[in-house]
Amino acid sequence: MKKTYDPKEVEQKWYRFWEENGFFHAEVDESKEPFCIVIPPPNITGQLHMGHALDNTYQDILVRWRRMQGYNTVWVPGTDHAGIATQARVEDHIRETEGRTRHDLGREEFLRRTWAWKEEYGRQILTQLKRLGASLDWQRERFTMDEGCSRAVREVFVRLFEKGWIYQGNYSVNWCPVCSTTLSDIEVEHEETAGKLWHIRYPLTDGSGHVEIATTRPETMLGDTAVAVNPKDERYRHLVGKTVIVPLVDREVPVIADEYVDMEFGTGVVKITPAHDPNDFEIGMRHNLPQVQVIGRDAAMTEEAGKYAGLDRYAARERIVEDLEKLGLLVKVEDHQHAVGQCYRCDTVVEPLVSKQWFVKMGELAKPAIAAVENGEIRFIPERFSKHYLHWMRNLKDWCISRQLWWGHRIPVWYCRECGEVFASVDEPAQCPKCASQEIEQDPDVLDTWFSSALWPFSVFGWPEQTKELKHFYPTTVLVTGFDIIFFWVARMIVMGYEFMGDRPFRDVFIHGLVRDHLGRKMSKSLGNGVDPLEAIEEYGADALRFNLVIGVAPGNDLRYIPEKVEAYRNFANKIWNASRFALMNLTDFTPKKQNMGALDLTTADQWILSRYEHTAKEVTRFLERYDVGEAARVLYDFIWSELCDWYIELIKPRLYGKQGEETRYVAQYVLWYVLKGTLELLHPYMPFITEEIWQNLPHEGETIMLAPWPQPAGLSSPKHERMMNTVMAVITEIRSMRSEKNVPPGRRISAILQAEGESLDILTDAQGDIMHLAGLEKLILEEPGRTPEKCLSAVVEGINIFLPLAEMVDLEEELARIRKELEQARRELGRAEKNLRNEGFISKAPPEVVEKEREKAELYRAQAARLEALLQELEA
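The following paragraphs examine the structure supplied in this document. (Residues numbered from 1 in each chain as written. Predicted model: local features only at pLDDT ≥ 70, side-chain atom pairs only at ≥ 80, totals over all residues. Heavy atoms only, no water.)

**Quick word on helix α1 (residues 7-20)**
Phase 1: Spanning 14 residues, α1 covers 20 Å between terminal C-alpha atoms, matching the ideal 20 Å at 1.5 Å per step.
Phase 2: Among all positions of α1, only Pro7, Val10, Glu11, Trp14, Tyr15 and Trp18 are buried. One side of α1 carries all its buried residues, which in axial view fall inside an arc of 115 degrees.
Phase 3: Of the surrounding elements, those touching the buried residues of α1 are α2 (50-68), α6 (124-132), α16 (533-540), α17 (542-550) and α22 (688-697). (Helix = DSSP H or I, 4+ residues; strand = E, 2+ residues; numbered from the N terminus. Expected span 1.5 Å × (residues − 1). Buried < 20%, exposed > 50% of the residue type's maximum accessible area, 1.4 Å probe, protein only. Arc of directions from axis to C-beta. Contact = heavy atoms within 4.5 Å.)

Next up, the structure:
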């Protein structure tokens, strides 16, 4: 092994080795229990970011661990076609390079260009995952629009259509004027915004007065078809049944009563615009109100807006408010904080519009998906996320699945121009099934991207064909994902899994948090605080980044990305490298024999490290079993850094150097090899590259650490030897601390007297050589308590008296002079503080906190003087 660890050289070498030898691939093997994860497919537009790095590190840790445990492990890679995002990216490219739009090209040519773009850039993010070390089964790579997945999408659509659970209707939908498509409710992000509340008078038709309404969107008043009050509101009960005139358009509309109206909001009277508000749409359906669309799909006012037609919605707002003010109908304007819906892709404020769209009825579909989480058939980790899931599922609306895009799965519905038949088909039809006319036309819209993603756990294995892969690997084992797509994706996979497979899509849903910056802010382009994982890998290595992303992070919690921490775990990798390099230098003549550990003449230190190693292996396994990946990492870190490197390797150096005979040298070599090899295997899922490099240099069996058996308990646990070594380490640590306090150079060897009795004395006697070696002692006297050695620095640890002769540690005369000087200074400061505290003027005039600080100062110097006096007395005795 080279003197220094070079991640770049090691990482590329071993990933190529793993991939070329097919170690990531698994065929169906009924003799093994399957462990299966399907990757949350990243968008083909995507670049690897820290969220991907975190998500895939968790998955790879679980996959590598289960593979070593002997499961038939498969991790399916793939990408999502990402309808809106990809179409927008390609449109931008065409506009920037050719000055043309997709409409200039036509649908067929635009789709050809998009497929070409996908072929060139679509796998970029998967390639980047290789740099992270992701052990994906590349032979099973899928794409949500490949032929198999596309057929699954059409099959699902047709079955739901024929069941009557997919329908078309005019409903209020979220429309993005920039992306020019509908959005489902969960694709709309609501941002708290500082807005206004305009109070407007609507005259009563009979001339008896007016009602005052309050609105955040005065531009929509042009489409009002009613005003509403709560039937329980005594203030307005007498108005129900009357009519009012909508200002600026002079439309006569009724005053209706509806329980939806919040009596506390504004004046308690609200305008109803069914065409431009989802809640008003529902009220309009209940009261059979007309829909007047005054804002179009381009967010400009329509002809129905009269003289405001053609204006942008916000420009129209300004004009309308001015005109209301001129007419004396604007009562007042108030500041108002409210949530405004924005497109999750482009941040444009969405416009609620009534539009003809395709929907999935979710009522019956949701029932088994709710029951599965309620009865524990599907577990969320952490469990708290199941409450979010169930709340959303119990309040589920029908799912709008049509999108006004060209890139995506085109809706498999055809319209007959001859007889008007509307029919769905898995395969492209040649004629109308009703009248046999060939004058048929396919629906121009495409399906919501999440429709195909919802089928991912079974479509990747060949459904609707009942393939051997589908039978073996479905249901998958665990889904690893962020909490932000529980509703987008997780819920819909569960729904589709039960409907089409009759079974859950996965047993567990492991939810992780977000990667935030060092200030705790979400990483975003607008803040410019994102960190490119590839840059971090370039600087620190993939293993250091992976370990940093997970260590100490509880399931579901966010983590802060701090570069200094990544650097710290690069140092951890260097520590492992250096310790392993030392071990290998001392194992050059070592060949492990197959033998029972109990047959070896093990020292206390050997039995201690074997016990600690077995405890670590059990704890790592236990934490991984419950998805506490971060705590398992912490256990490994503590064991490797402290117990293996700082203690055991240091303890056995004299034996490795042959100073205590060949027999004990072989035992030390054997234990070191055994523990180091096993520890690398425990660490491999977290830090795959460095562990493979070192493991390959150690005596081993098998081609790769990836397929090495996961360490199992071997009956090596020994609480007795752990207790014994804890005592020894405590004594050594205290002696080191005492030396440090007196600035004794590390190379100076001194004497020590240890007083103990019973078992403690036996432990010290057994470990006498280890104590002398690691505490830097020339001479060690062990005795029972009874005398107090003179002129010694003393301490007590676990009932053991420690005495270090001061003369060997310091120049006594210099030390005495130093103590006398410090004592004089302490007494002088004490006298000054006490003088102030005796001064009535100081006590009465100074602020209480100043007086209190002076008292604390006096107490501090009093204690310091007492300590120095005792030390002086001890040295002068």
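**Things to note about the sheet that holds strand β27 (residues 777-783)**
Phase 1: What the 4 strands build is an open sheet, ordered β27-β26-β29-β28; its pairing is mixed. The open sheet has two free edges, formed respectively by β27 and β28 (792-797), since each of these has just one partner strand. Neighbour-to-neighbour, the strand axes of this sheet turn through a mean angle of 20 degrees, independent of strand direction.
Phase 2: By the bridge criterion, 3 bridges tie strand β26 (residues 750-755) to strand β29 (residues 800-805) in an arrangement that is antiparallel. Across the sheet, residue Ile753 finds its bridge partner in β29, namely Phe803.
Phase 3: The strands that helix α23 (residues 719-741) touches are β26, β27, β28 and β29; relative to β29, the one it contacts most, it runs at about 30 degrees.
Phase 4: Against the sheet, helix α25 (residues 768-775) engages β26 and β27, with an angle of about 140 degrees to β27. (Pairing = 2+ DSSP bridges. Axes fitted to C-alpha atoms, helices over the stretch in contact; angles between N-to-C directions.)

**Points about the sheet that holds strand β7 (residues 188-203)**
Phase 1: The 3 strands lie next to each other as β8-β7-β13, forming an open sheet whose pairing is antiparallel. A strand with exactly one partner marks an edge of an open sheet, and here the two such strands are β8 (210-215) and β13 (330-343). Averaged over all pairs of adjacent strands, the angle between strand axes in this sheet comes to 20 degrees, irrespective of strand direction.
Phase 2: Direction of pairing for β7 relative to β8: antiparallel, over a ladder of 6 bridges. In the strand pairing of β8, Tyr202 is matched with Val211.

**So, the packing of α6 against α16**
Phase 1: Here α6 crosses α16 at 30 degrees, and the two axes come no closer than 10 Å. Comparing the axis directions of α6 and α16 gives the class roughly parallel. Where α6 crosses over α16, the handedness of that crossing is left-handed. Judged by residue contacts, Gln128, Arg131 and Leu132 of α6 engage Leu534, Ile537 and Glu538 from α16.
Phase 2: For the contact of α6 with α16, a count of residues per class yields 3 nonpolar, 1 polar and 2 charged. (Parallel < 35°, antiparallel > 145°, perpendicular 65-115°, else oblique. Left-handed = near helix turned anticlockwise from the far one by under 90°. Nonpolar A, V, L, I, M, F, W, Y, C, P; charged D, E, K, R; others polar.)

**Examining the packing of α23 against α25**
Phase 1: Closest axis-to-axis distance for the α23/α25 pair is 10 Å, and the angle between their directions is 30 degrees. The pairing of α23 with α25 is recorded here as roughly parallel in orientation. Handedness of the α23/α25 crossing: right-handed. Listed contacts from α25 to Val728, Ile732, Ile735, Arg736 and Arg739 of α23 are Asp770, Ile771, Leu774 and Ala775.

**Brief notes about unusual backbone geometry**
Phase 1: Residue Pro382 follows Ile381 across a cis peptide bond; omega there is 0 degrees.
Phase 2: By the secondary structure assignment, Pro382 is in the loop between β15 (379-381) and α11 (384-394).
Phase 3: In this chain, Tyr474 is followed by Pro475 through a cis amide linkage whose omega measures 0 degrees.
Phase 4: Look at Ala436: it is not a glycine, yet its phi comes out positive at around 70 degrees.
Phase 5: On the secondary structure map, Ala436 appears in the loop between β19 (422-424) and β20 (440-442).

**Section: the side chain of Asp448**
Phase 1: By secondary structure assignment, the location of Asp448 is in the loop between β21 (446-447) and α12 (449-453).
Phase 2: Side-chain polar atoms of Asp448 contact the side chain of Trp399, separated by 3.0 Å.
Phase 3: When neighbours within four sequence positions are excluded, Asp448 is seen to be in contact with Glu187, Trp399, Cys400, Ile401, Arg403 and Arg492. (Polar contact = N/O pair within 3.5 Å; in protein donor to acceptor, adjacent residues only side chain to side chain.)

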